[in-house]
Amino acid sequence: MTENIMQARCGLMSVHGRASGKPQSLGINYISTLTATLALQGVIAASIGQLRGAQISNINVSMASSALMSMGQYIAGATTSDAPEKLFPDLIGSEIHPPFKSKDGIVFELETLNAEIWKKFWTEAGVSLPLVSNGWKSFWQRYAKAVSPLPEELSRTLSNLSYQQISQICVRTGMAICPVRSIDDRADDIDSRHVWHQGPWEFLFHSRFDSAFSNRATNHLPLSGLTIIESCRRIQGPLAGHLLSLLGANVIRIEPPGGDPLRGMPPIANGCSARFDALNHLKDVREIDIKSTSGQKEIKELIRHADVFLHNWMPGKAVLLNLDYDDLASINPSLIYAYAGGWSTDSAEHVSSNTMPGTDFMAQAYSGIAHKIAKASGSQGGSLFTVLDVLGGVIAAQGVCIALLNRCINNVGAKVTSSLMSAATLLCVEDFQNLYEQPNVKSSKKSIINAVFPTKHEKIAIECHSLDAARKLAVILNITTDPGTIDFHQQLSNLFLAKTAQEWVEFFEQEDIPSGVVIEDLSKLQTIPYLQRDLCSGSYTKINSPWSFQ
């Protein structure tokens, strides 16, 4: 099963394609990277479990389970029993969506999490208030829906201004701006080579604590009996906590008094946002005002008996709250302190990118990922699917497991830092290797055929990596035109209309040609036999653990 065919069969191709109006590949080895990362995490977690007395000798993880895990919130939104979302590429696609393009041809992302800043920016740019309001609703929900159709006037307004003029408005109003940079641009940054060599995490190990670590596993899951305190918002951090809970840990989630506001985001299932619940339903919740002295004292008391503290606060916030690594390690020397950031540090300084919000789409633009996806998709920017939030959450959880394994062996606490930027570097590791170590070596060739075609019923994705595979396809379909030409592609398009996508897939399976039915309606995933073990029906469809331990 190839990367692109798996993206088609599990629905990721359609989630990415919502913004453009057609299912299409991300153009990066996303599911493959997720699967490899989750497989390694499973091995590390199993080792922790064995040291803690769990009888584990076998771990299984699949590309399908990894892909579904990455789309948990989208699947939740599409499968709620009350008012499920119907977000198909052919129905909602819009060319007017982030990123934007200036008069002088610079493609860039804008970012704010504040409606008032959005209003100030567009008002100063000359857009009417009703359009500003409509645009905000769509812009704010792009993290949840992977689509952001904006009023055309917004894009037109910025296309009449130079990048410098737009940047000046951003400075005056508080809007963040970042050009969509290439991998080459990222490789020239002063910290880029260090991040690439270091890997996705930075570890700072505490001095050895006196008593040997002897916490035993309480069931068959490797992290059972361990306690994790999580203070995170949005996707990256909560996903990391969710994965650790799937490994058996007891995760205590800290929310502000009154609960996390995202609990009320539609669609609702059993009184809670289905998307929110998809990442948090296994956690215990404690409402604490972390800004208050009493709240900080309460957290420190929880930390005294915890194994891990995980947060994704803004850079420098932990120091202001007296809840940074040094504060908590002095209370519990065996603690694993984990920071899941947007950039490379939780300090307020260090790299220039830290002046921007550490959000998925800004990190895509800054890191070169957006440019890489744009080249593959034929668009001007990256994906509105939260590419880096998801992978960032996975590597944050993986870093925690590495630190816990080291603690089991060496009785050493640690601080582990990961980021959206380090996740982006992981996705582009081959690009950086070519730039830094093999500058004269060409990147691996693209597939000869990698496309989506309409059929008599549904769409089919097909891929031929080599010219020989493409010629084989031509032979079995009785096409005499050379593969790779426009005529060949057109003949394929005409032929595929004669049968349904499922009929073509069954035919190609016999001929060993990679293909798959493109899943556009995510609610149909639970009806596909080979995916049913990974899904759990209810008020919405939940994703089961990507790991199975035996």
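Residues numbered from 1 in each chain as written. Predicted model: local features only at pLDDT ≥ 70, side-chain atom pairs only at ≥ 80, totals over all residues. Heavy atoms only, no water.

S.K.: Sorry, what's going on with unusual backbone geometry here?
M.R.: Negative phi is the rule for most residues except glycine; trans is the rule for most peptide bonds. The omega torsion of the bond from Pro 98 to Pro 99 falls at 0 degrees, within 30 degrees of zero and hence cis. As for its position among the elements, Pro 99 is in the loop between helix H6 (89–92) and strand E2 (100–101). A cis amide bond, omega 0 degrees, links Pro 266 with the succeeding residue Pro 267. In this structure, Pro 267 sits in the loop between strand E7 (250–255) and strand E8 (268–269). (Helix = DSSP H or I, 4+ residues; strand = E, 2+ residues; numbered from the N terminus.)

S.K.: In this structure, what is going on with the sheet that holds strand E15 (residues 459–464)? I would like to understand it.
M.R.: Adjacent strands of a sheet form backbone hydrogen bonds with each other and so pair up, either parallel or antiparallel. Taken together, the 3 strands give an open sheet; going across it, the order is E14-E15-E16, and neighbouring strands pair in antiparallel fashion. The outermost strands of the open sheet, each flanked by one partner alone, are strand E14 (449–454) and strand E16 (515–517). Going across the sheet, the axis of each strand differs from the next one's by a mean of 15 degrees, ignoring polarity. Together, E14 and E15 form the strand contacts of helix H24 (residues 467–476), whose direction differs from that of E15 by roughly 130 degrees. (Pairing = 2+ DSSP bridges. Axes fitted to C-alpha atoms, helices over the stretch in contact; angles between N-to-C directions. Contact = heavy atoms within 4.5 Å.)

S.K.: Teacher, can you tell me more about the packing of helix H19 (residues 360–367) against helix H22 (residues 420–427) here?
M.R.: Working note: a packed helix pair is described by the angle between its axes plus the distance between those axes. The interhelical angle for the contact between H19 and H22, taken along N-to-C directions, is 50 degrees, at an axis separation of 10 Å. Between H19 and H22, the interaxial angle falls into the category oblique. Note that H19 runs across H22; the crossing there is right-handed. Here Asp 360, Ala 363, Tyr 366 and Ser 367 of H19 come into contact with H22, specifically with Leu 420, Met 421 and Ala 424. (Parallel < 35°, antiparallel > 145°, perpendicular 65-115°, else oblique. Left-handed = near helix turned anticlockwise from the far one by under 90°.)

S.K.: In this structure, what is going on with helix H10 (residues 152–159)? I would like to understand it.
M.R.: Working note: α-helix, 3.6 residues per turn, so residues spaced by three or four point in the same direction. If you check which residues of H10 are buried, you get Leu 154, Thr 157 and Leu 158. End-on, the buried residues of H10 take up no more than an arc of 90 degrees, which puts them together on one face. Close packing links the buried residues of H10 with E2, strand E3 (107–111), helix H7 (115–125), helix H8 (129–140) and helix H11 (163–173). (Buried < 20%, exposed > 50% of the residue type's maximum accessible area, 1.4 Å probe, protein only. Arc of directions from axis to C-beta.)

S.K.: I'm lost on the sheet that holds E7 in this one. Help?
M.R.: Read from one edge of the open sheet, 7 strands run E5-E13-E12-E11-E6-E7-E10, paired in mixed fashion. This sheet does not close on itself; its edge strands, each paired only once, are strand E5 (202–208) and strand E10 (284–287). Between one strand axis and the next, the sheet turns through 15 degrees on average, direction left out of account. One ladder, built from 6 bridges, connects strand E12 (residues 336–341) with strand E13 (residues 412–419); its direction is parallel. In the strand pairing of E13, Ala 338 is matched with Val 416. Contacting E5, strand E11 (308–311), E12 and E13, helix H21 (residues 387–410) runs over the sheet at an angle of about 165 degrees to E13. Relative to E13, H22 is tilted by about 70 degrees, and along the sheet it contacts E12 and E13.

S.K.: How should I be thinking about the packing of aromatic side chains in this particular structure?
M.R.: Considering all chains together, one arrives at 25 aromatic pairs under this definition. Taken together, a centroid distance of 5.0 Å and an interplanar angle of 90 degrees make the contact between Phe 121 and Trp 122 edge-to-face. The exposure class of Phe 121 is buried, given its relative accessible area of 0%. The class of Trp 122 is buried, set by a relative accessible area of 0%. Pairing Phe 507 with Phe 508 gives two aromatic rings, centres 5.5 Å apart and planes at 55 degrees, and the pair type is tilted. By the ring-pair criterion, three or more aromatic residues cluster together here, those being Phe 100, Phe 108, Trp 118, Phe 121, Trp 122, Trp 136, Phe 139 and Tyr 163. Sitting above the plane of the Tyr 540 ring, Lys 542 keeps its charged end 4.4 Å from the centroid. (Phe/Tyr/Trp six-rings, centres within 6.5 Å; stacked < 30°, edge-to-face > 60°. Lys NZ or Arg CZ within 6 Å of the ring centre and 35° of its normal.)

Just distances and angles here, no functional claims.
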